[in-house]
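# Working through the structure, step by step
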Amino acid sequence: MKRRTVRREIERKKFVYLFLAPTFVLLLLFEYYPAVSAVYHSFFDWDGFYVNRFIGLANYREILFDDWVLRTSVANMLKLMAFGLGVGLVMPIFVAEVLFSLRSIRWKYIYRVLLVLPALIPGIVGMLLWGYIYEPTYGLANQLLRAVGLGSLAREWLGDPKVALYALMFMGFPWVGGIGVLIYLAGLQNIPQEVLDCCKLDGAHGIIRFFKVDLPLIMGQVKLNVIMGFIGGIQGFGVQLILTKGGPGFATMVPGLVLYDNAFKYGRMGYASAIGVCMFVTIMGLTYANMKYLKSGIEYQAKS
Amino acid sequence: MTFKSGLSSARRVRFGWACEYVPVGGAIVGAKVGNSRVELAKHVLLWTIVVLTFYPFIFMFITSLKTQSQFELYFWQLVRPFHWENYVFAWARVAPYIANSIIVCAVATTLILVVSSMSAYVFARFAFPLKEVLFYAILGIVMIPGTLTLITRFVLVKRLGLLDTRWVLILPYVAGGQVFSILFLRTFFASIPEELFEAARLDGASEFTSCFRIAIPLSMPILSTVAILNILAQWNDLIWPLVTITSEHLQTIPIGIAYFRTSIWQPETGQVMAAYVLTSLPLVVLFFASMRTFIEGLTSGAIKA
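Residues numbered from 1 in each chain as written. Chains lettered and ligands numbered in written order. Predicted model: local features only at pLDDT ≥ 70, side-chain atom pairs only at ≥ 80, totals over all residues. Heavy atoms only, no water.

### Observations concerning the overall build of chain B
- Across its full length, chain B holds 15 helices and zero strands.
- Going through the 305 residues of chain B one by one, you find that 55% of them count as buried.
- For chain B, the proportion of contacts with a sequence separation of at least 24, taken over those separated by at least 6, is 69%.
- If you sum the accessible surface of chain B, you get close to 13700 Å²; carbon and sulfur atoms cover 67% of it. (Helix = DSSP H or I, 4+ residues; strand = E, 2+ residues; numbered from the N terminus. Buried < 20%, exposed > 50% of the residue type's maximum accessible area, 1.4 Å probe, protein only. Contact = heavy atoms within 4.5 Å. Areas by Shrake-Rupley, 256 points an atom, 1.4 Å probe, with all protein chains shown as cover.)

### Comments concerning the packing of aromatic side chains
- Enumeration over the complete set of coordinates arrives at 33 aromatic pairs over all chains.
- Ring centres of W107 of chain A and W47 of chain B lie 6.0 Å apart, and the angle between their planes is 80°; on these two criteria the pair is classed as edge-to-face. Taken together, the positions of W107 of chain A in helix α4 (residues 105-120) and W47 of chain B in helix α4 (residues 36-64) put the pair across two chains.
- Judged by its relative accessible area of 27%, W107 of chain A is partly exposed.
- Put simply, the rings of F83, W130, Y134, W157, F170, F173 and W175 of chain A pair up and form one aromatic cluster.
- Looking at R155 of chain A, its charged tip hangs above the ring of W157 of chain A, at a distance of 5.6 Å from the centre. (Phe/Tyr/Trp six-rings, centres within 6.5 Å; stacked < 30°, edge-to-face > 60°. Lys NZ or Arg CZ within 6 Å of the ring centre and 35° of its normal.)

### Overview of helix α10 (residues 206-217) of chain A
- Taking 1.5 Å per residue, twelve residues should reach 16 Å; α10 of chain A reaches 15 Å between its end C-alpha atoms and fits that length.
- Three or more residues of α10 of chain A are buried, namely G206, R209, F210, V213, D214, L215 and P216 of chain A. (Expected span 1.5 Å × (residues − 1).)

### A short note on the confidence of the model for chain A
- Overall, the predicted model of chain A reaches an average pLDDT of 84, with 92% of residues at or above 70.
- For chain A, the element scoring lowest by mean pLDDT is helix α15 (residues 297-303) of chain A, at 43; helix α13 (residues 255-265) of chain A scores highest, at 92. (pLDDT = per-residue confidence, 0-100.)

### Overview of the state of the cysteines
Residue and element names in this part refer to chain A.
- All told, the structure shown has zero disulfides over all chains when counted by the stated rule.
- Here C198 stays unpaired: no disulfide links it, and the sulfur of C199, its closest cysteine neighbor, is 7.0 Å away.
- Taking relative accessible area as the criterion, C198 reaches 43% and is therefore assigned partly exposed. (Disulfide = S-S within 2.5 Å.)

### A short note on the packing of helix α3 (residues 68-101) of chain A against helix α11 (residues 219-235) of chain A
Residues and elements named next belong to chain A.
- With their axes 10 Å apart at the nearest point, α3 and α11 run at an angle of 150° to one another. The angle between α3 and α11 places the two elements in the roughly antiparallel class. Where α3 crosses over α11, the handedness of that crossing is right-handed. For the pair α3 and α11, contact is made by M77, M81, L85, L89 and I93 and by V222, N225, V226, G229, F230, G233 and I234, respectively.
- Taken together, the residues of the contact of α3 with α11 break down into nine nonpolar, three polar and no charged. (Axes fitted to C-alpha atoms, helices over the stretch in contact; angles between N-to-C directions. Parallel < 35°, antiparallel > 145°, perpendicular 65-115°, else oblique. Left-handed = near helix turned anticlockwise from the far one by under 90°. Nonpolar A, V, L, I, M, F, W, Y, C, P; charged D, E, K, R; others polar.)

### With respect to the environment of I103 of chain B
- Among the secondary structure elements, I103 of chain B is positioned in helix α6 (residues 85-125).
- As for I103 of chain B and R166 of chain B, which are separated by 63 residues in sequence, their C-alpha atoms are 8.7 Å apart.

### Focus on the nonpolar core
- Counting 178 residues, the largest nonpolar core has I124 of chain A together with Y121, W240, I257 and Y276 of chain B as the members making the most contacts within it.
- The element that contributes the greatest number of residues to this core is α6 of chain B, accounting for 15 residues. (Core = buried A, V, L, I, M, F, W, Y, C linked by side-chain atoms within 4.5 Å.)

### Remarks on the interface of chain B and chain A
- In this assembly, 118 residues from chain B lie in contact with 109 residues from chain A.
- Taking both sides of the interface into account, the surface hidden between chain B and chain A amounts to around 10600 Å²; carbon and sulfur atoms contribute 77%.
- In this structure, R153 of chain B and E31 of chain A form a salt bridge, with 3.5 Å as the shortest nitrogen-oxygen distance.
- The dominant element in the side of chain B that touches chain A, judged by the number of residues it contributes, is α4 of chain B, at 17 residues.
- Residue composition of the side of chain B that touches chain A, grouped by class: 82 nonpolar, 23 polar and 13 charged. (Buried area = accessible area lost by both parts, 1.4 Å probe. Salt bridge = Lys/Arg side-chain N within 4 Å of Asp/Glu carboxyl O.)

### Some remarks on the packing of helix α2 (residues 58-66) of chain A against helix α14 (residues 269-293) of chain A
Residues and elements named next belong to chain A.
- In the contact formed by α2 and α14, the axes pass within 9 Å of each other and the chain directions differ by 65°. As far as their axial angle goes, α14 and α2 are roughly perpendicular. For the pair α2 and α14, the crossing hand works out as right-handed. Two secondary-structure elements touch here, α2 through N59, Y60, E62 and I63 and α14 through G270, Y271, A274, I275, V277 and C278.
- A breakdown of the residues in the contact of α2 with α14 according to their chemical character gives seven nonpolar, two polar and one charged.

Structure, rendered in structure tokens:
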């Protein structure tokens, strides 16, 4: 009897590892091996194919002290990310609150559907459309300015080093197209009814209720979005790659594009890997800090 | 108007549960709950946001029906005659990209669902040696930035001889996409009552049968949410196909249309916009086909830290 149980247990466990095999084969091949390989090659002068020479920490020294393009790009990235995180939190939460407070169930549903639609249009189409909006002659932005008599403000938005970065920030205005609103709305709808009733009894309305009740209780979603914003913001370079190539000059250069250019334009894959490792370390640090310092809703509940 | 008079008992019944906490939520924007003027203000605000969000896309559609001179002369308005032939021109060029994107997304997403269901199933239901370690090995992937592995993964697929094939997109998409999918599905599978599996086992079902005949059919809403999130990510991926696909006939939508405007066909603005509209449509159609499950999946609170 006992023997049979053991055998059955082994049989079942064999099954477990069989089920996990495809996942781990793929992870090892396409995630862990490249990650380890990137860290390893960050200590090399490497073009990916032939040249492969160990140079110790020279790549990292260059990143820290010599690469002024990278330094400019980090400053740009920080500005873009600060702005992106700001509006990326405020706008969707605000809209979610308004939606949550709406009385008509039918309209609530209609707005939800409408607001999720832009997320389904390929991101690239959005980017390219904004590229059209910023066009100097037949761009929507300049046409609008001329139409309201402010033609003197018209300019080549993405070609002017003074405004190009701000033009990129403004893209996607009013910054609610996406699933952010839905996620926050879900968070708000999960707030227990008793809590909301208490607010009503205690007279906690408006801003007070938002900061004391709603916000702490959707902290889980906020935290997740902040982490995703960091991870996306630090590495993202799609917009720059398509619309500005980091220019004019280096006005819109970001670290991701510096990495991409070094790897695929200049064949400096070792150096690019070192930049990647720096991003990795930064992301790890920020994720840890986020977990540690942004309290989640549950912790709030337990404390109060 | 006070809160109580704003809601007759008849409406309360008609709207059921949802009505119970909507009015309280109303307190957040205006303290005078039940005030229809406040409600109106909210609608105006929401419509403004909706219109501003949609305007570029509306502009895209209006422009897609114009010739170049119509576009230059009548920039803002929709003018007759409509030039639907822009769509004929655009379709001939972008149809292959759309087909490629659909093939890659369909295969990759199906594989993700199968692979991640299997892993999520065992993580949700069994205790086995190394379980913790293996789970953290999956969780840890979330921290690895895509740009770190971009270069070495490129070198890897080049050595594997996968460059410029469909598999060069599909396999890494499955490898990366399964991570989040496993995390979501595991939570959901864990909530399925153990008795169901017990009953199946008594009836002689293997674990394989239990996974594919019980766990997966019961998880359709969450599976479709996971599927759509994966499709969205793959559909929008720009960098990876850009570096790995060089043949025009294998290219996916993002790169295909990114350089459409400056391509050898020298399309007019209207034709470019028509191409953008066409490439935007497939996911919108898919969404309307699966809207209910998708929104339910998202708003059920499956996505939270």
